[in-house]
Amino acid sequence: MSPHAGPRTQLPSPSPTATAAAPDDLHVEVRRRVLAAGPEHERERLLRRRRRLLAPLRAARRRAERHRRHPRRPRRRRGRSRPPRAPARDEGRPHLPRPTSPFGFEGIDPVPAGTDEVVVPKGFQWAPIIAWGDPILAGAPAFDFDRQTSAAQAGQFGYNCDYVGVIPTQRNGKEAVLVANNEYTNNELMFAGYAGASSLTDDQVRITMMAHGMSVVEMRRRDKHSRWTYRKAAPLNRRITAVTPFDIVGPVRGSELVRTSADPRGVRALGTFGNCAGGTTPWDTVLSGEENFNGYFTQPASAGSDRAGQALTRYGLASGSTAQHAWDRVEPRFDLTREPQEANRFGWIIEVDPLDPTSTPKKLTALGRMKHEGANVIISDSGHVVAYMGDDERYDYMYKFVSAKRYRKGDRRHNATLLHEGDLYVATFDGEADGTHDGQGRWVPLTQGGRSAVPGFTHEEVLVYTRLAADAVGATKMDRPEDVEPNLVTGKIYAALTNNSRRTAAEVDGPNPRPSNKHGQVLEITERRGDHTGTRFAWRLVLVCGDPQDPQTYFLGYDKSEVSPISCPDNLAFDGDGNLWISTDGNALGHCDGMYLYPLEGREAGHLQQLLSVPAYSECCGPLIQWDDRVVFAAVQHPGEDTGASTTNVLSTFPYQGNTQPRPAVIMVWPKNRGKGPQHGEGHGHPKR
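Residues numbered from 1 in each chain as written. Predicted model: local features only at pLDDT ≥ 70, side-chain atom pairs only at ≥ 80, totals over all residues. Heavy atoms only, no water.

A.B. asks: Looking at this model, I keep getting lost on the side chain of Asp 353. Mind explaining?
C.D. replies: Inspection of the secondary structure puts Asp 353 in the loop between strand E11 (349-352) and strand E12 (362-364). Among the polar contacts listed, one links the side chain of Asp 353 to the backbone nitrogen of Leu 355, at a separation of 3.0 Å. There is a polar contact of 2.8 Å between the side chain of Asp 353 and the side chain of Arg 412. (Helix = DSSP H or I, 4+ residues; strand = E, 2+ residues; numbered from the N terminus. Polar contact = N/O pair within 3.5 Å; in protein donor to acceptor, adjacent residues only side chain to side chain.)

Set out below in structure tokens:
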């Protein structure tokens, strides 16, 4: 998914090239990175290491200064008339023994689509932490596929986990809270004899409502080398579902656009669903994006020509279709012909406090309404919190939000209000599809200073009908912008552009350079002068996905014979050294989806390696890198989801714990034989019993 959830962020090792800055500048830079580095106890740990990190940097500066004053000629080896010429970038790297990643693994080979295995590199192991139906609340029964009830599901881990966050709760690293999105349900894999939503009983409809939302659960482990296990009925455990009350906060609170017959004041919404990616804030709350919310409503067959009608069409809410899970049968608010503004209460970024199970989650209206993939934040040098977001639809946009107030270290109550008000921007990109894969861009304001910046739109309309406002200012239409993540080591921003099979040759541009784009790309944004609150930036593509033998692909100039093929990047994360990790959804190369390591700097920049392959027809979500402990978390979503799959035509039995039906689950991958206790799944295959 963050803004990262849980990993212990490390500052980069001193680089020989980082010697020109004065010690005071280095001090400021290190401190800036520390203050942007996630949970508050992590920043304290990094501050204690500041002096040790600065010492070699200052020494490097002194050496550079001596070299400037007294340059030395390079020593030549005997038999050479001149120093060897460094190879040009387009000549590739020298052929050396196959290098390993910072985790010390060799990338796995692609696994054919439909293979029902979890595959990790030699020397690594994997294990499930928690799966659909595992009881987490007091009194919740053990999972029983054939006797599931809505009351049971309300206390059990939800279905189709996506975003994964881990927040340590003890300094010894042995206890933490796990937060996972539960995006949607596969009814055909959950209910025997399923023949469409009309075939569901009322209680089965409610089961699907209880299986959506988010799951919060405590975890513990014996030591940093051992397996994480979840704790049933722990104090922080919580389920957030399609009926959980939410506070509507920000400029839209109380607006006529979100008032309904059940909530005439427009201040309290019920439920969340379609929760895709997310992020963890520096004050230890979790952000989650409400993405594909439109299919949950029975819709009018047509829409009017006024702005509200235009918005219904733009958000996919005027097709005449019926609610995909028949929720309107048990709760009429999901019928837009009866409750036309209920849909305006979904499509937001939500904020949840996983450390307070009695808190009311919030819908953050200042960040705009769209098919939010997620949101991830960074603290700017000015102290303002900046959130980056993508609207996951073909031809939709990238956004950022800048808080009106500043972050206060240690003031969690104040910081929990930072996303309530601020300015919203949408991105425009310059540059042609000329093969250089770089250019300039601008953040165009949609709201500023508590007012609309879009002519003809009120402030509330910009935020509820954000897509229409972005259309009006001419934002750049992107190839499905999904996860957008700040790299806390470098301050640069990265976006997964998953694919766009509808883009024509006449529509290609710099950041979207291919027609009929089946494989996607990863975009890098560098804010001008490092100012995340500013409006100008430079951009480049750091990865153009596909088969490395395809001349259109790009891996930062790395030798393509040594990289893994990749298709459809979805979620992004960073480790403590600033390396990019990518998980995929919908691999169009005939392989299973998985997770990949992609160094962005240094000798191995562009050396894409696959760490993980997930089971048959599943999507790899998360990801989350717990760098100090060498642990990778991933969510395995919709295992066995394929045309014709059912409870009698089972295509996966993940997570292979004796279950006869697939169960989405959160897993961990870590080096084997680094601690005592049973091992689980080495290399290919299933976890050991």
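Alright, that's what it looks like, and here's the rest.
A.B. asks: Help me understand the pairing of strand E1 (residues 124-131), please; the structure alone is not making it clear to me.
C.D. replies: Along any regular strand the residues' side chains alternate between the sheet's two faces. Of all eight residues that make up E1, eight are buried, and the element is covered over most of its length. Across seven bridges, E1 lies against strand E31 (residues 665-671) in antiparallel orientation. Bridging across to E31, Gln 125 finds its partner in Trp 670. (Buried < 20%, exposed > 50% of the residue type's maximum accessible area, 1.4 Å probe, protein only. Pairing = 2+ DSSP bridges.)

A.B. asks: What is the right way to read the sheet that holds strand E7 (residues 245-249) from this model?
C.D. replies: One key point about sheets: their strands pair by backbone hydrogen bonds, in either a parallel or an antiparallel sense. If you trace the six strands from one edge of the open sheet to the other, you get E8-E7-E12-E11-E10-E9, paired in mixed fashion. In the strand order of this sheet, the two ends are held by strand E8 (268-270) and strand E9 (275-280), each with one partner. Strand-to-strand twist of the sheet, defined as the mean angle between neighbouring strand axes without regard to direction, takes the value 35°. Of the strand pairs in this sheet, E9 and strand E10 (residues 286-290) are connected by four bridges, and their pairing is antiparallel. (Axes fitted to C-alpha atoms, helices over the stretch in contact; angles between N-to-C directions.)

A.B. asks: Would you mind showing me how to read helix H6 (residues 202-211) here?
C.D. replies: Since there are 3.6 residues in each turn of an α-helix, residues three or four apart along the chain are aligned in direction. Burial runs high along H6: seven of the 10 residues are buried. Buried within H6 we find Gln 204, Val 205, Ile 207, Thr 208, Met 209, Met 210 and Ala 211. Where H6 is buried, its residues touch helix H4 (150-153), strand E3 (175-182), helix H5 (187-190), strand E4 (213-220), strand E6 (238-240) and helix H8 (327-330). Count one or two residues on from H6 and you reach Gly 213, which has phi positive near 110°. (Contact = heavy atoms within 4.5 Å.)

A.B. asks: Even after reading the chapter, I still don't get unusual backbone geometry, so can you show me in this structure?
C.D. replies: Negative phi values dominate among residues other than glycine, just as trans dominates among peptide bonds. The omega torsion of the bond from Phe 654 to Pro 655 falls at 5°, within 30 degrees of zero and hence cis. At Ser 516, a residue that is not glycine, the phi angle is positive and equals roughly 45°. Assignment of secondary structure puts Ser 516 in the loop between strand E22 (493-497) and strand E23 (521-527). The backbone phi angle of His 638 is positive, close to 40°, even though this residue is not glycine. Along the chain, the position of His 638 falls in the loop between strand E30 (631-637) and E31. For His 638, a relative accessible area of 6% translates into the label buried.

A.B. asks: I tried to follow the pairing of strand E28 (residues 609-613) on my own but got confused; where do I start?
C.D. replies: Counted residue by residue, E28 has five buried out of five residues, so it is predominantly covered. Relative to E28, strand E27 (residues 594-598) runs antiparallel, the two sharing four bridges. Bridged to Tyr 596 within E28 is Gln 610.

A.B. asks: What am I meant to see in the pattern of salt bridges here?
C.D. replies: Side chains bearing opposite charge may pair, as long as their charged atoms lie close to each other. Summed over all chains, the structure comprises 26 salt bridges. Here Asp 134 ties to Arg 663 by a salt bridge, and the two come within 2.9 Å at their closest N and O atoms. Residue Asp 134 is found in the loop between E1 and H4, and its partner Arg 663 is found in the loop between E30 and E31; the two are separated by 529 residues along the sequence. Judged by its relative accessible area of 15%, Asp 134 is buried. (Salt bridge = Lys/Arg side-chain N within 4 Å of Asp/Glu carboxyl O.)

A.B. asks: What should I look at first to understand the packing of aromatic side chains in this one?
C.D. replies: For any two aromatic rings, the description comes down to two numbers: the centre-to-centre distance and the angle of the planes. Evaluated as defined, the whole model comprises 24 aromatic pairs. Taken together, a centroid distance of 4.5 Å and an interplanar angle of 40° make the contact between Phe 273 and Tyr 296 tilted. Residue Phe 273 is located in the loop between E8 and E9, and its partner Tyr 296 is located in the loop between E10 and helix H7 (307-314); the two are separated by 23 residues in the primary sequence. No difference in accessibility class separates Phe 273 from Tyr 296, as the two residues are buried. Among the aromatic residues, those joined into a ring-pair cluster are Phe 273, Tyr 296, Phe 297, Trp 327, Phe 334 and Phe 346. The residue whose ring lies beneath Arg 369 is Tyr 315, and the NZ or CZ to ring-centre distance is 4.4 Å. Sitting above the plane of the Tyr 425 ring, Lys 400 keeps its charged end 5.9 Å from the centroid. (Phe/Tyr/Trp six-rings, centres within 6.5 Å; stacked < 30°, edge-to-face > 60°. Lys NZ or Arg CZ within 6 Å of the ring centre and 35° of its normal.)

A.B. asks: Explain the side chain of Ser 564 here, please?
C.D. replies: The topology assignment puts Ser 564 in the loop between strand E24 (536-544) and strand E25 (569-574). At a separation of 3.2 Å, a polar atom in the side chain of Ser 564 contacts the main-chain amide nitrogen of Gln 610. Among all residues touching Ser 564, those that are not within four sequence positions of it are Ile 108, Pro 548, Phe 555, Tyr 596, Leu 608, Gln 609 and Gln 610.

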